[in-house]
Amino acid sequence: KKIIKKNLNKISILLLGLPRSLKSFLVFFNDIFICAITVWFAFFLRLGEFISLSDITFWMVVILCNCIALPIFLVFGLYRAIFHFSSRASLLLIAKAALLYGLIIFLIYVIYGVEGVPRTIGIIQPLLFFLLAGASRALAQAWLSERFRFSKTDLALKKAVIYGAGYAGRQYSLALNNNPEIKVIGFLDDNDSLHGRTINNLPVFNPTDLSKL
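The model shown is predicted, which means the values in this text are computed figures rather than measured ones. (Residues numbered from 1 in each chain as written. Predicted model: local features only at pLDDT ≥ 70, side-chain atom pairs only at ≥ 80, totals over all residues. Heavy atoms only, no water.)

Could you give an account of the environment of Ile-108, naming the residues involved and the relevant values?
Positionally, Ile-108 belongs in helix α4 (residues 88-112). Taking the relative accessible area as the measure of exposure, Ile-108 reaches 23% and is therefore partly exposed. Ile-108 sits 11 residues away from Arg-119 along the chain, and the two C-alpha atoms are 8.9 Å apart. (Helix = DSSP H or I, 4+ residues; strand = E, 2+ residues; numbered from the N terminus. Buried < 20%, exposed > 50% of the residue type's maximum accessible area, 1.4 Å probe, protein only.)

Following this line, the structure appears as structure tokens:
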């Protein structure tokens, strides 16, 4: 079991150590694969049997769906914050992108209609795509963040607080989730109404308490 954990830890460190462009490409390729799989499974749910992978109609749907989904995900910035899926804001961002994608697919296959493609594909596939795209990011973030800290205890990590619990501070706290050297213990903010509250699972402290922290 220890050997497996060590190997998983090595893989996670290798992945997180890759150049940003290569990590973006991996997630980009993952979405292409998910799109194809969800189209295939959508046909199965509609027809009751798996469609042949040599079917030209299947590949036409896969290509069209990818040509619509990938640019939308790019515009929404879903290939910039790689492996930092850990907040409601991130889930909401994916939901917005998937909603726009689903609306376009719905208009094409349900409202307009395409010969040889069941209209319900325009409903089933976007739902499956949203679920799998979101789940893959959540699982990757959870696994990588856990493995990345495998060899370090909380006592060995440097403690840090983020000054400012606004949008920028919250995003920065998410970006530090997988940092192998730093453990963020909370926010400092001058706004009295935020003191004692919890943001991104981190408490907000009064700056005058810094010496105690």
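Any details on the pattern of salt bridges? Residues and values, ideally.
Pairing is possible between side chains of opposite charge, provided their charged atoms come close. Per the stated rule, a full pass over the model turns up one salt bridge. A salt bridge links Arg-137 to Asp-31; the nearest nitrogen and oxygen atoms lie 2.8 Å apart. Of the two residues, Arg-137 sits in helix α5 (residues 121-148) while Asp-31 sits in helix α2 (residues 20-47), which places them 106 residues apart along the sequence. Judged by its relative accessible area of 0%, Asp-31 is buried. (Salt bridge = Lys/Arg side-chain N within 4 Å of Asp/Glu carboxyl O.)

Describe the packing of aromatic side chains, listing the residues and the values that go with them.
The geometry of an aromatic ring pair is captured by the separation of the ring centres together with the interplanar angle, meaning the angle of the planes. Going through the model one piece at a time under the given rule, you end up with nine aromatic pairs. Here Phe-28 and Tyr-79 contribute two aromatic rings whose centre-to-centre distance is 5.3 Å and whose plane-to-plane angle is 65°, an arrangement assigned as edge-to-face. Pair noted here: Phe-28 is in helix α2 and Tyr-79 is in the loop between α3 (56-75) and α4, with a separation of 51 residues, a long-range link. Relative accessible area serves as the criterion here: at 23%, Phe-28 is assigned to the partly exposed category. Three or more aromatic residues joined by ring pairs form one cluster here, namely Phe-28, Phe-73, Tyr-79, Tyr-101 and Phe-129. (Phe/Tyr/Trp six-rings, centres within 6.5 Å; stacked < 30°, edge-to-face > 60°.)

I'd love a proper account of the packing of α2 against α3, names of residues and values included.
Where α2 meets α3, the closest approach of the two axes is 9 Å, and the angle between their N-to-C directions is 140°. The orientation of α2 relative to α3 falls into the category oblique. Like other packed secondary-structure pairs, α2 and α3 cross with a definite hand, here right-handed. Residues Phe-28, Asp-31, Ile-32, Cys-35, Ala-36, Val-39, Trp-40 and Phe-43 of α2 pack against Phe-58, Val-61, Val-62, Cys-65, Asn-66, Leu-70, Phe-73 and Leu-74 of α3. Residues that form the contact of α2 with α3 fall into these classes: 14 nonpolar, one polar and one charged. (Axes fitted to C-alpha atoms, helices over the stretch in contact; angles between N-to-C directions. Parallel < 35°, antiparallel > 145°, perpendicular 65-115°, else oblique. Left-handed = near helix turned anticlockwise from the far one by under 90°. Contact = heavy atoms within 4.5 Å. Nonpolar A, V, L, I, M, F, W, Y, C, P; charged D, E, K, R; others polar.)

So what's going on with the side chain of Asn-66? Which residues, and what values?
Tracing the backbone through its elements, the reader meets Asn-66 in helix α3. Using a relative accessible area of 10% as the deciding quantity, one classes Asn-66 as buried.

Outline the sheet that holds strand β4 (residues 202-205), listing residues and values.
Strand order across the open sheet formed by four strands is β1-β2-β4-β3, with mixed pairing between neighbours. Looking at the sheet topology across the chains shown, the edges are occupied by β1 (158-163) and β3 (198-199). For strand β2 (residues 182-188) and β4, the ladder comprises two bridges, and the chain directions are parallel. By the bridge assignment, Leu-188 is partnered in β4 with Phe-205. (Pairing = 2+ DSSP bridges.)

So what's going on with the environment of Leu-157? Which residues, and what values?
Position of Leu-157 among the secondary structure elements: in the loop between α5 and β1. Using a relative accessible area of 4% as the deciding quantity, one classes Leu-157 as buried. Spatially, the C-alpha atom of Leu-157 lies 5.3 Å from that of Glu-181, the residues being 24 residues apart in sequence.

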